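Close look at the chain arrangement
The chain contents come next:
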Amino acid sequence: RDVAEYTGSPESFGGRIKTLHPRIAGGLLADWTSEKDRAEAKKLDIEPLQIVVNNLYAFENKPEVEMIDVGGPTMIRAAAKNFASIAVITDPADYDYLMTLLDDNDGEIPLAVRKELALKVFEKTSLYDSSIAKWFGSKMLHVSCFMLQDLRYGENPHQKATLYQFGTQYAEHFKQIQGKELS
């Protein structure tokens, strides 16, 4: 269904307001295992939402005020907070995997997968907010990095070490030609 049809409210302000509505937020944040929440949702005509698929505005590709997504991060953070009941997909690379999971699990996405997807949301929104803050001229150092692999050892053999990738810069273009595993 179209969001405007579900909420009973048309898109407004040039499309900037679509999803910021109690029927959407309630469907994302209600505790559907709670009789009290289910009764309140029924009274307010709010339906449970089980899967949220959302791609944020591509702010990094076109940094300007109109590309600062408000409703998208709100929705995906709410869904991620309620991962016990909702799966939230923010990465198109996950679509096929999740469709297979749904087919193989009678329309359900396992809790462990929902938790992994929630983690991706908070990683994604952290990077998103950092890029916006930087654009506004933030003097803070916002460091976001992802673990690529554990290394054999650190500066000395008795120390642990890990290789990280910073932001959206990928290390895939590095190729080890020979020798032992990195340390």
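Basis of the calculations
- Residues numbered from 1 in each chain as written.
- Predicted model: local features only at pLDDT ≥ 70, side-chain atom pairs only at ≥ 80, totals over all residues.
- Heavy atoms only, no water.
- Helix = DSSP H or I, 4+ residues; strand = E, 2+ residues; numbered from the N terminus.
- Rg over C-alpha atoms; globule rule 2.2 N^0.38 Å.
- Buried < 20%, exposed > 50% of the residue type's maximum accessible area, 1.4 Å probe, protein only.
- Contact = heavy atoms within 4.5 Å.
- Lys, Arg positive; Asp, Glu negative; His and termini not counted.
- Charge placed at Lys NZ, Arg CZ, Asp CG, Glu CD.
- Core = buried A, V, L, I, M, F, W, Y, C linked by side-chain atoms within 4.5 Å.
- Salt bridge = Lys/Arg side-chain N within 4 Å of Asp/Glu carboxyl O.

1. Some remarks on the overall build of the protein chain
- Broken down by element type, the protein chain carries six helices and four strands.
- For the protein chain, the succession of helices and strands along the chain, N to C, is α-α-α-β-α-β-α-α-β-β.
- At 20 Å, the protein chain has a C-alpha radius of gyration far larger than the 16 Å of a compact globule built from 183 residues.
- Principal axes of the C-alpha set define a box for the protein chain whose edges measure 65 × 40 × 30 Å.
- A total of 183 residues make up the protein chain; the buried ones form 31% of that total.
- Contacts spanning at least 24 positions in sequence make up 51% of the contacts within the protein chain whose residues lie at least 6 apart.
- Put simply, the protein chain has 21 plus and 27 minus side-chain charges, and the middle of one group is 5 Å from the middle of the other.

2. Side note on the nonpolar core
- If you look at the biggest cluster of nonpolar residues, it comprises 22 residues, and the most contacted ones within it are L28, V52, I76, A79 and V88.
- Among the elements of the structure, α2 (22-29), α4 (71-81) and α6 (111-135) are those that each provide at least two residues to this core.
- No other element matches α4, which puts five residues into this core.
- Setting aside residues no more than four positions away along its own chain, L28 makes contact with L49, V52, M75, A78, A79, N82 and I86.
- Listed in part, the eight residues of the second largest apolar core include A87, L102, I109 and V113.

3. A look at the pattern of salt bridges
- Enumeration according to the criterion identifies seven salt bridges in this entry.
- Ionic pairing is found between E47 and R1, a salt bridge with its closest N-O pair at 2.9 Å. Of this pair, E47 sits in the loop between α3 (35-43) and β1 (51-53) while R1 sits in the segment before α1 (3-7); the two residues are 46 residues apart in sequence, bridging distant segments of the chain.
- Between K62 and E64 there is a salt bridge, and its shortest N-O distance comes to 4.0 Å.
- Its relative accessible area of 31% is what places E64 among the partly exposed residues.
- Connected through shared salt-bridge partners, D91, D94 and K120 make up one network.

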